[in-house]
Amino acid sequence: MMLPYHPALRFKQGEYIATARIARDVQRHIQPRFILAPPKERDPEKGKPLTEEEIAVVTGERIAKHWPLYPAYLDARYVAPLLGDEGLRSLFRIAQRKNEQLAAVASVQDLFNPIFREFLRTSGPRIAIHLPYEDIDIDALLNGVEAVGCKTSECALFLDFTKAPLSMEGVSGSVAGVFDTLGSVAQWARIIFQASSFPSKNPAESDGQCVIPRHEWEVFLAALKECSVAPNLIGYGDFGPDHGEIRFRRKGGGAAPIRHLRYTGKKSTIVVRGKETGKQGDVMKAVCERVLNSGEFAGQGYSYADDMIWRVAKGLSNAGTPSMWREWNMAHHLSQVVKDLGILSGMSFAEGPVSRIAEQFALFAEPVEE
């Protein structure tokens, strides 16, 4: 069984709204790793950076509203230095109360902090451990699991290949080797591959488009065949249609948002970028039209985001906001990956509802020629 899918998502408005709105039969096969932004980054809903106190309460509220029913992982490593132990205690107490299936994500070093014992779930996986592939210390990992009070079989591993050269020939063998190493030292709840080959800067020029191969998907499939770990113990994860370098702005503002969409296909992601000048509505309508004509468009019924892209292209809906474009990118991507993994598991998914252009009938019937 190749599902569930484990995307690493920045806990931003576009991401958590997308996870909440996608079709329920897709949603229940996703177990995301939500990564919290530090409080110096401007929160779009609040219009300001969150205070340390607000992080715990607001995160809990958003989990309750957008992801209350299914398992997920909460990664607080980027806010931990600012919150301290007491702030982390408050954060996880509130968040896990809103969703009892929410597991904490810890680094190996975190496992030796006694406070993480308080965040263990009662059922497995009780905790998740983030492991950069280039910095794996097996002894420290096993000692950390013992220190936190868990069995290895109760721990999920997020194996992060962000810095791996995924386009290099033969890299899948190296990935398979890491799977085998971890699988040979202990039984784990799941070993989750996480990577992205998407560039850290938008690769498309103004009014242009480009194609980014999904190397992470191809490498994962190849490594799965090459390793000796049972396939049902290995999970797939990426960073949505985004790069894997987790960097947050240090203050609000900055450059104007780039008018573009990232649309995930079977083997690659197309980036369609609009003009920098002109009315936003006109520019994004043209972007959506280009997605429809790209040869990659999966159809209106593929996800609610696909229907929205179609609606904007046809002039039936307005062009949205940058947060909404990010949401549409993410909602389609989540649907694409779940359905890709579903195919490998022999599963199929129903088409969603689609919009139609209403036909206008003449007031009087046209005469019929004989």
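This text goes with the structure placed above it.
Scoring rules and cut-offs
Residues numbered from 1 in each chain as written. Predicted model: local features only at pLDDT ≥ 70, side-chain atom pairs only at ≥ 80, totals over all residues. Heavy atoms only, no water. Helix = DSSP H or I, 4+ residues; strand = E, 2+ residues; numbered from the N terminus. Buried < 20%, exposed > 50% of the residue type's maximum accessible area, 1.4 Å probe, protein only. Areas by Shrake-Rupley, 256 points an atom, 1.4 Å probe, with all protein chains shown as cover. Lys, Arg positive; Asp, Glu negative; His and termini not counted. Charge placed at Lys NZ, Arg CZ, Asp CG, Glu CD. Pairing = 2+ DSSP bridges. Axes fitted to C-alpha atoms, helices over the stretch in contact; angles between N-to-C directions. 1 Å grid on protein atoms, 1.4 Å probe; cavity = no way out; pocket = protein on both sides within 12 Å on 5 of 7 lines; lining within 4 Å. Points joined across faces, edges and corners; volume = space filled by probe spheres on them. Nonpolar A, V, L, I, M, F, W, Y, C, P; charged D, E, K, R; others polar. Salt bridge = Lys/Arg side-chain N within 4 Å of Asp/Glu carboxyl O. Phe/Tyr/Trp six-rings, centres within 6.5 Å; stacked < 30°, edge-to-face > 60°. Core = buried A, V, L, I, M, F, W, Y, C linked by side-chain atoms within 4.5 Å. Contact = heavy atoms within 4.5 Å.

A short note on the overall build of the chain
Of regular secondary structure, the chain possesses ten helices and 13 strands. Dimensions of the chain, computed from the C-alpha atoms along their principal axes, are close to 85 × 45 × 35 Å. When each of the 370 residues of the chain is scored for burial, the buried share is 51%. By element, 50% of the accessible surface of the chain is carried by carbon and sulfur atoms, the whole surface being about 17300 Å². The average position of the 44 basic charges and that of the 45 acidic charges among the side chains of the chain differ by 4 Å.

Quick notes on the sheet that holds strand β11 (residues 234-237)
Taken together, the eight strands give an open sheet; going across it, the order is β1-β2-β5-β6-β7-β8-β9-β11, and neighbouring strands pair in parallel fashion. Every interior strand has two partners, whereas the edge strands, β1 (8-10) and β11, have only one. For this sheet, the mean angle separating the axes of adjacent strands, direction not counted, is 30°. Inspection of the sheet shows strand β6 (residues 102-106) paired to strand β7 (residues 127-132) by two bridges, in the parallel sense.

So, the layout of surface pockets
Quantified by volume, the second largest pocket comes out at close to 220 Å³. Lining of the second largest pocket is provided by 14 residues; of these, H130, D160, T162, K163 and G244 occupy positions nearest its centre. Of all elements in the fold, only β2 (33-35) and β7 reach the threshold of two or more residues within the lining of the second largest pocket. Classifying every residue of the lining of the second largest pocket by side-chain character gives five nonpolar, three polar and six charged.

Here's the deal with empty space enclosed by the protein
Summed over the entire model, instances satisfying the criterion amount to one cavity of 30 Å³ or more. Put simply, the largest cavity is a space of about 70 Å³. Every residue lining the largest cavity is listed: S196, S197, F198, I212, P213, R214, E216, G240, P241, D242, T269 and H333. Its residues assigned to classes, the lining of the largest cavity comprises four nonpolar, five polar and three charged.

Things to note about the pattern of salt bridges
Tallied over the entire structure, the rule returns 15 salt bridges. With a closest N to O distance of 3.3 Å, E327 and R21 form a salt bridge. Residue E327 is found in helix α10 (residues 322-344), and its partner R21 is found in helix α1 (residues 13-21); the two are separated by 306 residues along the sequence. A salt bridge links R290 to D207; the nearest nitrogen and oxygen atoms lie 3.5 Å apart. Pair noted here: R290 is in helix α8 (residues 280-292) and D207 is in the loop between β9 (190-194) and β10 (209-213), with a separation of 83 residues, a long-range link. Salt bridges linked by common partners bring R10, E15, D242, R262 and R326 together as one network.

Description of the packing of aromatic side chains
For the coordinates displayed, the defined rule picks out 17 aromatic pairs. When the centroid spacing of 6.1 Å and the interplanar angle of 20° are considered together, the rings of Y5 and Y236 count as stacked. Linking Y5 in the segment before β1 with Y236 in strand β11, this pair joins segments that are 231 residues apart in sequence. When the ring of F11 is compared with that of Y16, the centres are 5.0 Å apart and the planes differ by 45°; the resulting orientation is tilted.

Here's the deal with the nonpolar core
Grouped together as the largest cluster of nonpolar side chains are 97 residues, with contacts concentrated most on L91 and F179. When sequence neighbours within four positions are dropped, the list of residues in contact with F179 reads L159, F161, I191, F193, A223, C227, V229 and I234. In this structure, Y73, A103, A128 and A156 belong to the second largest nonpolar core, which totals seven residues.

Brief notes about the side chain of Q31
Residue position: Q31 is located in the loop between α2 (24-27) and β2. Taking relative accessible area as the criterion, Q31 reaches 18% and is therefore assigned buried.

As for unusual backbone geometry
The omega torsion of the bond from L3 to P4 falls at 10°, within 30 degrees of zero and hence cis. Mapping P4 onto the fold places it in the segment before β1. With an omega of -10°, the peptide bond between G124 and P125 qualifies as cis. Its identity is not glycine, yet D207 carries a phi of approximately 60°, on the positive side. Assessed through its relative accessible area of 41%, D207 is described here as partly exposed.

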